[in-house]
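# Architecture at a glance
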Amino acid sequence: MTSTLTRAETWSLLTLSACCVGIIVNTFQGDGEPLIASLAFSGIAFSFTFSLIRWLGHTFMKANLKGRDMSKLKKVEIPENMGAVCAVVYLLVIIVFIPFPFYKDIVAATSGGGNREFVVEHQQVDTGRILHKFPHNKLASYLSAILSLQSVVLLGIGDDLFDIRWRHKLFIPAFAAIPMLVVYFVDYGVTNVVVPVQLEPYLGNMVDLGWLYYAYMAAVAIFCPNSINILAGINGIEVSQSIVVGFLLLANDILSLWAAPSSPTPHPATDPHLFSIYLLLPFLGVSMALWWHNWYPAKVFVGDTYCYFAGMVFAIVGILGHFSKTLLLLLIPQIANFIYSAPQLFRLIPCPRHRLPRFNTRSGLLEPSVTQWPRPPSRPVAWMLDLLANFPLPMLKLEKNSKGEIIESTNLTILNLWLVWFGPRREDRLAIELLAMQATCGIIGLFVRHKLALLVFREDNRA
Ligand code: UD1
Ligand code: MG
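Residues numbered from 1 in each chain as written. Chains lettered and ligands numbered in written order. Predicted model: local features only at pLDDT ≥ 70, side-chain atom pairs only at ≥ 80, totals over all residues. Heavy atoms only, no water.

### Concerning the coordination of the magnesium ion (ligand 2)
- Summarising the metal site, the magnesium ion (ligand 2) is bound by the protein donors N229 (OD1) and D304 (OD), whose distances to it range over 2.0 to 2.1 Å. In this pair, N229 sits in helix α11 (residues 211-230) while D304 sits in helix α14 (residues 303-320), placing the two residues 75 residues apart along the sequence.
- With relative accessibility at 14%, the residue D304 sits in the buried group. (Donors = N, O, S within 2.8 Å, 3.2 Å for Na, K, Ca; no water. Helix = DSSP H or I, 4+ residues; strand = E, 2+ residues; numbered from the N terminus. Buried < 20%, exposed > 50% of the residue type's maximum accessible area, 1.4 Å probe, protein only.)

Okay, structure coming up:
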């Protein structure tokens, strides 16, 4: 990869940045338009990330942050851990953005200068607010989101540098989630869940889960980053799946804002979705710049930092935006991959360091990769593997020796499963097909959430 931008790239990025700066300056007039400012900040984030990835490639290689692309004929080394650049630009941008949604509300609702004596009636602040302005108390959520992201990025970079063990990695995001769970406790504190209509006769219409609800949210925060990190190993898949999920979440926000009661004094229930948009737009900006360099044939790798960072952005918007169930609905391929991987993650089946599909140097296509059994599996495990291999759809492929003992089985990731089902294919085709599947599942998920949820729940919480 060259370390400079071409002339065309330089001019395009400069034009984009100049337009975005112009838009931001314009939002200072009048009432301020944080949504538009957020969009413009995302454009700037894109330009910065794009240029920095290009400029820093060599520096990263020199610092030994490099990886070998295993699915190519020539296994060249390329810069690894470029997601760290995304994460840093993202953090800086959302910090600079703070005054935009908050300043007007804080200053306009008081006499300014930190004085609180002319505080506008609480009720008026809550209902008489213009759509994109945030009340002061949302600042705590926003800051806790930044703190959680910073911790996860710090830990992610540590992982990329020192290759932390899997059992420790799993819990990295749990610590990072503490600030946001604390804010959830202080600010919102609701641990009730609505019971589906069909179960109401037995459970009533609400169930208070108490501390279990916090355990559930911590589990979401652990799951999201790790699930993206294990659906990985072919060019572009980590960042592309994150972009698809990001757009689906954005679509969910737009649908929810659309459906909110329209009146000149918008309902406070719209806040969580604005919060989510403010965090998602710059995320998509930095991710698209990374995508440009990571798509097949990859010129840089994203590193674990990116996977943790992306997953944590999703967890934060899901939890602090109060739509973690919708979030899980949009992560169905990741959930399927996690469940399918579980026997290897929990060492029922040997788990090699890398489970990415195997590159066939003759055909240039990817095939399912296998794990060798150092000694034949125990009876129950062999029985389970045989069952899975002969399922109506084969869930894995086995290799046996002359004595009928299992010596090899395919690695349990949905990338390999796809190859078992549909045969060998080129790396980019596999990525495109999986992304199409992710997008389809997500669109069905959104349909279920916005159209069918009323079959199961008495009322829709967006209204
Ligand atoms: C996770 C997966 C592992 C998979 C790896 C690939 C689990 C438990 N772990 O491990 O099975 O092999 O991600 O990212 O599921 N690489 C490529 N082509 C790519 C992307 C990565 O060859 O398109 C290779 C490169 O050598 C790169 C390395 O994978 O340096 C990065 O692996 P890393 O992210 O450190 O692996 P893990 O996240 O630990
Ligand atoms: Mg990884």
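From this point on, the discussion continues.
### With respect to the site of ligand 1
- Not every one of the 21 residues close to ligand 1 is listed here, only the nearest: R68, E80, N229, H354 and R355.
- One of the backbone nitrogen or oxygen atoms of R68 is found 2.6 Å away from an oxygen atom of ligand 1.
- With respect to ligand 1, the backbone of R355 contributes an N or O atom lying 2.8 Å from an oxygen atom.
- Protein chains bury 93% of the 720 Å² of accessible surface belonging to ligand 1 in isolation.
- Secondary-structure elements contributing two or more residues to the shell around ligand 1 are β1 (66-68), α7 (166-169) and α11.
- Along the lines of polarity and charge, the residues of the shell around ligand 1 split into eight nonpolar, five polar and eight charged.
- A domain split of the shell around ligand 1 shows at least three residues from each of domain 1 (7-324 + 430-447) and domain 2 (331-425). (Near = heavy atom within 4 Å. Polar contact = N/O pair within 3.5 Å; in protein donor to acceptor, adjacent residues only side chain to side chain. Areas by Shrake-Rupley, 256 points an atom, 1.4 Å probe, with all protein chains shown as cover. Nonpolar A, V, L, I, M, F, W, Y, C, P; charged D, E, K, R; others polar. Domains from an automatic or database assignment.)

### Concerning the side chain of N235
- Tracing the backbone shows N235 in the loop between α11 and α12 (237-259).
- Separated by 2.9 Å, the side chain of N235 and the backbone nitrogen of A298 make a polar contact.
- Setting aside residues no more than four positions away along its own chain, N235 makes contact with D69, K72, N294, W295, Y296, P297, A298, F301, E427 and A431. (Contact = heavy atoms within 4.5 Å.)

### As for the pairing of strand β9 (residues 406-410)
- Of all five residues that make up β9, four are buried, and the element is covered over most of its length.
- Pairing between strand β7 (residues 370-372) and β9: three bridges, direction antiparallel. Bridge assignment links V370 to a residue of β9, and that residue is T410.
- Alignment of strand β8 (residues 398-400) against β9, held across three bridges, turns out to be antiparallel. Within the sheet, the bridge partner assigned to K400 lies in β9 and is I406.
- Hairpin connection between β8 and β9: a loop of five residues separates the two successive antiparallel strands, and G404 in this loop has a positive phi of roughly 80°. (Pairing = 2+ DSSP bridges.)

### Comments concerning helix α19 (residues 427-456)
- Compared with the 44 Å implied by 1.5 Å per residue over 30 residues, the 41 Å span of α19 between its first and last C-alpha is a close match.
- In α19, a bend of some 45° at H450 exceeds every other bend along the element. (Expected span 1.5 Å × (residues − 1). Bend = angle between axes of the 7 residues up to and from the residue.)

### Some thoughts on the pattern of salt bridges
- Evaluated as defined, the whole model comprises eleven salt bridges.
- Here the residues in one salt-bridge network are K66, R68 and E77, joined through shared partners. (Salt bridge = Lys/Arg side-chain N within 4 Å of Asp/Glu carboxyl O.)

### A few points about the nonpolar core
- Membership of the largest hydrophobic core comes to 109 residues, with the highest contact counts inside it found for L149 and F309.
- In terms of residues, this core owes the most to one element, α14, which gives 13 residues.
- Mapped onto the domain boundaries, this core takes at least three residues apiece from domain 1 (7-324 + 430-447) and domain 2 (331-425).
- Ignoring sequence-local partners within four residues, the contact set of F309 consists of C86, A87, Y90, L149, V152, V153, F283 and V286. (Core = buried A, V, L, I, M, F, W, Y, C linked by side-chain atoms within 4.5 Å.)

### Considering the packing of helix α3 (residues 83-96) against helix α13 (residues 271-294)
- Look at α3 against α13: their axes get within 9 Å of each other, and the N-to-C directions meet at 150°. As the angle between them shows, α3 and α13 are arranged roughly antiparallel. In the packing of α3 onto α13, the handedness of the crossing is right-handed. Of the residues in α13, those touching α3 at G83, C86, V89, Y90, V93 and I94 are Y278, L279, P282, F283, V286 and L290. (Axes fitted to C-alpha atoms, helices over the stretch in contact; angles between N-to-C directions. Parallel < 35°, antiparallel > 145°, perpendicular 65-115°, else oblique. Left-handed = near helix turned anticlockwise from the far one by under 90°.)

### Some points on the packing of aromatic side chains
- This structure, assessed with the given rule, holds 22 aromatic pairs.
- On the basis of an interplanar angle of 65° and a centroid distance of 5.1 Å, the ring pair of F97 and Y278 is categorised as edge-to-face. Note that F97 is positioned in the loop between α3 and α4 (99-108) and Y278 in helix α13, a separation of 181 residues in sequence. The two residues F97 and Y278 agree in class, both being buried.
- Ring geometry for Y142 against F275: centres 6.4 Å apart, planes inclined by 85°, an arrangement best described as edge-to-face. In this pair, Y142 sits in helix α6 (residues 138-162) while F275 sits in helix α13, placing the two residues 133 residues apart along the sequence.
- Judged by relative accessible area, Y142 falls into the buried class, the value being 0%.
- Taking the relative accessible area as the measure of exposure, F275 reaches 2% and is therefore buried.
- By way of ring pairs, the aromatic residues F28, F41, F97, F100 and Y278 are connected into one cluster. (Phe/Tyr/Trp six-rings, centres within 6.5 Å; stacked < 30°, edge-to-face > 60°.)

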